[in-house]
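Notes for the structure review
Given next are the chains, with one letter for each unit.
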Amino acid sequence: MPHRPKNPTRREILKGAAALGVTTAFSRFANLTAADAPAVVTVSKTAMANKLNVLFIMSDDMRPELNCYGNPLVAAPNLTALGKAGVMFERGYCPFPLCNPSRTAMLTGRQVINTGVMDNSTYFGNTHPELVALPRYFMQNGYVTARAGKIFHFDDGPSWNVGGETGGTSDGQAMDIPIINPHAGVYGQVAPGAADAAQASGEDDASYNRRISSSAGKTQQRYSDEILVLKGNGEGHGDYATADRVIEYLRKYKDQPFFIGCGFVKPHSPPTAPQRFFDMIPVDKVQLPVDYAARRTLPEGFPEGCLRPRNADLFIGRDSTPEQAKQVIQAYYASIAWADWNIGRVVAELDRLGLREKTIICFSADHGYQLGEKGKWSKAGSLWEEGARIPLFIAAPKAKGNGQVCKRIVENLNIYPTLVELCGLPMPTGQEGRSMTALLENPQATWNYPAYTVWKEIGNQPTGWGVRVERWRYAEYDLGGPMLLDMDNDPHQLKNLALDPAYAGITAKLADMIKQYKTQNFPRPAYEPFTAPTAA
Ligand SMILES: [Ca+2]
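Remember, it's a predicted structure, so these values are computed and weren't measured experimentally. (Residues numbered from 1 in each chain as written. Predicted model: local features only at pLDDT ≥ 70, side-chain atom pairs only at ≥ 80, totals over all residues.)

Counting its regular elements, the protein contains 17 helices and 18 strands. Here the protein holds 536 residues, and the buried ones make up 53% of them. Pairs at least 24 residues apart make up 72% of the contacts formed inside the protein by residues separated by at least 6 positions. (Helix = DSSP H or I, 4+ residues; strand = E, 2+ residues; numbered from the N terminus. Buried ≥ 20, exposed ≤ 12 C-beta atoms within 10 Å, placed from the backbone. Contact = placed C-beta atoms within 7 Å.)

Printed below as a string of structure tokens:
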């Protein structure tokens, strides 16, 4: 479980900043560089009265398996409605397929080679204290900032006026008996009598849910690589508590500009949901990927580095069977459906309080996921479309593009400058993403900017470099060379075109984009539209 750095003076800052409309001085940051030092902001009550709020909702490890993204098995009515209320980005990408690097980049607005955070053990506040994360910037500009659940991987104390009570950055709840236990030879089966025994003992649902979702006493592998079924609505699980806490925040801060972070840990492994969400997704309707394999299977002609030798999170160090794979996919979908239900509780309260018209709702995830494609599970190391692609909606009041789908290639690094611009705050220096307000007004607008996703296996620099532009996905690996994929004509990514002479022009152009990434100068300028090779 991640360690959450303590910040002894946080409460003092919070109390000061919570009193909106006063001058707020951040003298504790006196040793920062001038360019990145937090502004000393004077905010009048009048100026703040008309500010838009931000409700920032994150999910963990959620690839876009939602009805609105084309998966009819995952109805997700709340997220689907949210997507329709705003602009739904059909092709949003993360900077790194792992929690901490991706969240750090997104929340500081910097690419991972500039944050230097490329693992799950580095807190940017220790290595780059000059970086002002998104919520902290809103706090500096007079907003009250509140967190429940997992927003940062390591919580950033200076970002929040309030938060941290719901178990920090993980489930944070306490229990020990999985009712489905792959390691006891009953994988995919409810352990006989477990739920009945709990009921007979008089244990209530909340206690039961806390108990079975505990990691206590288990190794990482045993905790992660299993399916958990909760009772009732999942009361007692951290995600349920996160929604409850955000509802409290909405009620408490409804009369002042707020930035509220609402972070769910599902569908991160172990896939977890109450029984009724499993029931919504019949396992016999679940389809395996066309390139499903029981174990890591490198397609012919692809570089060795494009698939890690060992899975993380699910099917760790073991093969899957098609039946097991379907059960895990069902559980992953059920876990998304339960996250959707919790998000629905939050959004319903926002509406009940009459806050929708003055609140921007942003929903996303930290990275994508593989569900057995090429025998790979989970996200780590995946520069494939499944690993890099994320769900992303932004519903900004009165944006002309609301209700439309945007097919442009965008990065979650863009969220920071977009929210800053939508709220009328001064744009801070150093942002490496690009405000997407033009796409919120016109989702079909021209937008020829690349989305980069990289991976670091060893050392302190990426060992895999990926870039996505319209139609093409390209990556270079230290281990085995380049890969070029025609996403329009080969959506399952089965043919590597990088060494095909007919695509040499495309490959060279994308290789040059990787070189540009390595110069560390962002945001990158627009590129000239690609000319398709005659052979394509
Ligand atoms: Ca994650």
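Okay, back to it.
Generally speaking, nonpolar side chains in soluble globular proteins are found buried as a group. Ile260, Ala337, Cys362 and Leu484 are the most contacted members of the largest nonpolar core, which has 138 residues in total. Once residues lying within four places of it in the same chain are set aside, the contact partners of Ala337 are Val74, Ala76, Ala273, Phe277 and Met280. (Core = buried A, V, L, I, M, F, W, Y, C linked by C-beta atoms within 7 Å.)

The next point concerns the pairing of strand E4 (residues 87-93). Of all seven residues making up E4, seven are buried, and the element is well covered by its neighbours. Direction of pairing for E4 relative to strand E13 (residues 389-395): antiparallel, over a ladder of five bridges. Paired with Gly92 across the strands is Ile390, a residue of E13. Relative to strand E14 (residues 405-411), E4 is paired through five bridges, and the arrangement is parallel. (Pairing = 2+ DSSP bridges.)

A separate point is the environment of Phe152. Along the chain, Phe152 falls in the loop between strand E5 (144-149) and strand E6 (162-163). Exposure remark for Phe152: the 31 C-beta atoms within 10 Å place this residue in the buried category. Put simply, Phe152 and Gly263 are 111 residues apart on the chain and 8.7 Å apart in space, counted from C-alpha to C-alpha.

Further remarks concern unusual backbone geometry. Ser269 connects to Pro270 through a cis peptide bond whose omega is -5 degrees. Checked against the element boundaries, Pro270 lands in the loop between strand E8 (258-263) and strand E9 (272-274). With an omega of -5 degrees, the peptide bond running from Phe522 to Pro523 counts as cis. Summarising the element assignment, Pro523 is placed in the segment after helix H17 (504-518). With a phi close to 60 degrees, Lys374 is a non-glycine residue in the positive phi region. Checked against the element boundaries, Lys374 lands in the loop between strand E11 (370-371) and strand E12 (377-378). The exposure class of Lys374 is buried, given the 23 C-beta atoms found within 10 Å.

With that settled, consider the pairing of strand E18 (residues 481-486). Inspection of the sheet shows strand E17 (residues 472-477) paired to E18 by six bridges, in the antiparallel sense. When the sheet's bridge partners are listed, Tyr477 is paired in E18 with Gly481.

Turning to helix H3 (residues 77-85), its buried residues are Asn78, Leu79, Leu82 and Gly83. Along the axis of H3, the buried residues cluster in a sector spanning 135 degrees; they form a single face. The secondary structure elements touched by the buried residues of H3 are E4, helix H13 (322-352), strand E10 (359-365) and E13. (Arc of directions from axis to C-beta.)

Once that is clear, we can look at H13. The end-to-end C-alpha separation of H13 is 45 Å, in line with the 45 Å expected for 31 residues at 1.5 Å each. Once H13 finishes, Gly354 follows within two positions and takes phi at roughly 70 degrees, a positive value. (Expected span 1.5 Å × (residues − 1).)

Our focus in this paragraph is the packing of helix H11 (residues 238-253) against H13. The relative placement of two packed helices comes down to the angle between their axes together with the axis-to-axis distance. Here H11 crosses H13 at 10 degrees, and the two axes come no closer than 9 Å. Here H11 lies roughly parallel to H13, going by the angle between them. For the pair H11 and H13, the contacting residues are Asp239, Tyr240, Ala243, Val246, Ile247 and Leu250 in the first and Ala339, Asn342, Arg345, Val346, Glu349 and Leu350 in the second. A class-by-class count of the residues in the contact of H11 with H13 yields eight nonpolar, one polar and three charged. (Axes fitted to C-alpha atoms, helices over the stretch in contact; angles between N-to-C directions. Parallel < 35°, antiparallel > 145°, perpendicular 65-115°, else oblique. Nonpolar A, V, L, I, M, F, W, Y, C, P; charged D, E, K, R; others polar.)

As a further point, take the sheet that holds E18. A sheet is described by the order of its strands in space; here four strands give the open sequence E15-E16-E17-E18, paired in antiparallel fashion. At either end of the open sheet lies a strand with only one pairing partner, and these are strand E15 (451-455) and E18. Shown here is a sheet whose adjacent strand axes are inclined to one another by a mean of 15 degrees, direction ignored.

The next thing to look at is the packing of H3 against H13. At their nearest, the axes of H3 and H13 sit 7 Å apart, and the two run at 55 degrees to each other. Here H3 lies oblique to H13, going by the angle between them. Contacts between H3 and H13 involve Pro77, Asn78, Leu79 and Leu82 on the former and, on the latter, Asp340, Trp341, Ile343, Gly344 and Val347.

Let us now look at the sheet that holds E14. Pairing between sheet strands relies on hydrogen bonds along the backbone, with the strands arranged either parallel or antiparallel. The eight strands are arranged E6-E5-E8-E3-E10-E13-E4-E14 in an open sheet whose pairing can be described as mixed. Each end of this open sheet is capped by a strand with a single partner; those strands are E6 and E14. This element, helix H15 (residues 415-422), spans strand E3 (53-59), E10 and E13 of the sheet and lies at about 175 degrees to E10.

Time to look at the environment of Val87. Its place among the elements puts Val87 in strand E4. The sequence separation of Val87 and Gly403 amounts to 316 residues, and the corresponding C-alpha distance is 5.9 Å. Beyond its immediate stretch of four places on either side in the chain, Val87 contacts Phe393, Ile394, Ala399, Gly401, Asn402, Gln404, Cys406, Leu439, Leu440 and Pro443.

Here we take up the confidence of the model for the protein. With 81% of its residues at a pLDDT of at least 70, the protein reaches an overall mean of 85. Taken together, the stretch residues 1-40 has pLDDT below 50 and engages in 60 contacts with residues farther than four places along the chain or on a different chain. Overall, residues 165-195 carries pLDDT values under 50, and its contacts beyond four positions in sequence, including any with other chains, amount to 81 contacts. (pLDDT = per-residue confidence, 0-100.)

Now for the environment of Phe124. Within the fold, Phe124 resides in helix H6 (residues 124-127). On a C-alpha basis, the gap between Phe124 and Phe154 in space is 8.6 Å, while along the polypeptide they are 30 residues apart. Here Phe124 is in contact with Thr104, Thr108, Thr115, Val117 and Leu131, once residues within four sequence places are set aside.

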